[in-house]
Amino acid sequence: MQNWWARVFVTSSSDAKIERAIALGASGGVNYHKDRVSNAILQMSNGGVDMVIDSVGEASWGESLRSLRRGGRLVTCGATTGSNPPADLQRVFIRQLEIYGSTGGSLAEFRQLLDVFNRGLVKPVIDTTFEMADIRAAFDHLASGAQFGKVSLVA
């Protein structure tokens, strides 16, 4: 088995959520309502991170690009705030950045992920579980932004 290690930095609009993420193992976090994300990340990482995983899209795109070190990678897997961010092409080619799109993985990769969960190597953070009949309450909970982790529905 290959050994790997990563320092993980998180962003949130909530200091309490950042503290919870740090308690779970994150190296640090940035409250994007209080601080410019890229400035804080560049300082915490001593010059930029190797990878940013961005599921937000338009609202965070520029800060995500500015947080990367030379040769860094941005993985985009969502566009909840819009799908047409400014490209910032000069930054991409001058800093030799790589941009990847991801919607998930293959069935084989999904089975590998399930095996990792089943062996207890990774434990997902479940905020709340709702019955399917309470789906409106689940969506209201998500809309409030109060969740930390996944919101699940059960039949």
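Rules of the game
- Residues numbered from 1 in each chain as written.
- Predicted model: local features only at pLDDT ≥ 70, side-chain atom pairs only at ≥ 80, totals over all residues.
- Heavy atoms only, no water.
- Helix = DSSP H or I, 4+ residues; strand = E, 2+ residues; numbered from the N terminus.
- Buried < 20%, exposed > 50% of the residue type's maximum accessible area, 1.4 Å probe, protein only.
- Contact = heavy atoms within 4.5 Å.
- Lys, Arg positive; Asp, Glu negative; His and termini not counted.
- Charge placed at Lys NZ, Arg CZ, Asp CG, Glu CD.
- Pairing = 2+ DSSP bridges.
- Axes fitted to C-alpha atoms, helices over the stretch in contact; angles between N-to-C directions.
- Salt bridge = Lys/Arg side-chain N within 4 Å of Asp/Glu carboxyl O.
- Core = buried A, V, L, I, M, F, W, Y, C linked by side-chain atoms within 4.5 Å.

Draft legend 1. Representation of the overall build of the protein in the model. Check the secondary structure of the protein and you find six helices and seven strands. When the helices and strands of the protein are read in sequence order from the N terminus, they spell out β-α-β-α-β-α-β-α-β-α-β-α-β. Taken along its principal axes, the extent of the C-alpha atoms in the protein is 50 × 40 × 30 Å. Residues classed as buried in the protein amount to 25% of the 155 residues present. Pairs at least 24 residues apart make up 42% of the contacts formed inside the protein by residues separated by at least 6 positions. Measuring between centres, the 16 positive side-chain charges of the protein sit 6 Å from its 15 negative side-chain charges.

Draft legend 2. Inspection of the sheet that holds strand 5 (residues 98-101) at higher detail. Reading across the sheet, the three strands line up as 3-4-5 and stay open at both edges, with parallel pairing between neighbours. With partners counted over all chains shown, the strands left at the sheet margins are strand 3 (49-54) and strand 5, one partner each. Across the sheet, the mean angle from the axis of one strand to that of its neighbour is 15°, orientation sign disregarded. Pairing analysis gives four bridges linking strand 4 (residues 68-76) to strand 5, with the strands arranged parallel. What sits directly across from Leu74, in strand 5, is Ile99.

Draft legend 3. Just the side chain of Ser64, in detail. With respect to the helices and strands, Ser64 occurs in helix 3 (residues 61-66). Judged by its relative accessible area of 8%, Ser64 falls in the buried class. Not counting residues within four places of it along the chain, the set of residues in contact with Ser64 comprises Val52, Asp54 and Leu74.

Draft legend 4. Just the environment of Arg95, in detail. Inspection of the secondary structure assignment puts Arg95 in the loop between helix 4 (89-94) and strand 5. For Arg95, a relative accessible area of 27% corresponds to the partly exposed category. With residues near it in sequence (within four places) discarded, Arg95 still touches Leu68, Arg69, Arg70, Gly71 and Gln90.

Draft legend 5. The pattern of salt bridges, seen in detail. Applying the stated rule across the entire model yields seven salt bridges. Residue Lys34 pairs with Asp15 through a salt bridge whose shortest N-O separation is 2.3 Å. Within this pair, whereas Lys34 is found in the loop between strand 2 (28-31) and helix 2 (37-45), its partner Asp15 is found in helix 1 (residues 15-23), the two being separated by 19 residues in sequence. According to the relative accessible area criterion, Lys34 is exposed, its value standing at 57%. Connected through shared salt-bridge partners, Arg36, Glu63 and Arg66 make up one network.

Draft legend 6. Spotlight on the nonpolar core. Val30, Ile41, Val49, Leu65, Leu68, Leu74 and Leu97 are the most contacted members of the largest nonpolar core, which has 13 residues in total. Going through the elements one at a time, helix 2, strand 3, helix 3 and strand 4 are the ones with two or more residues in this core. Top contributing element to this core by residue count: helix 2, with three residues.

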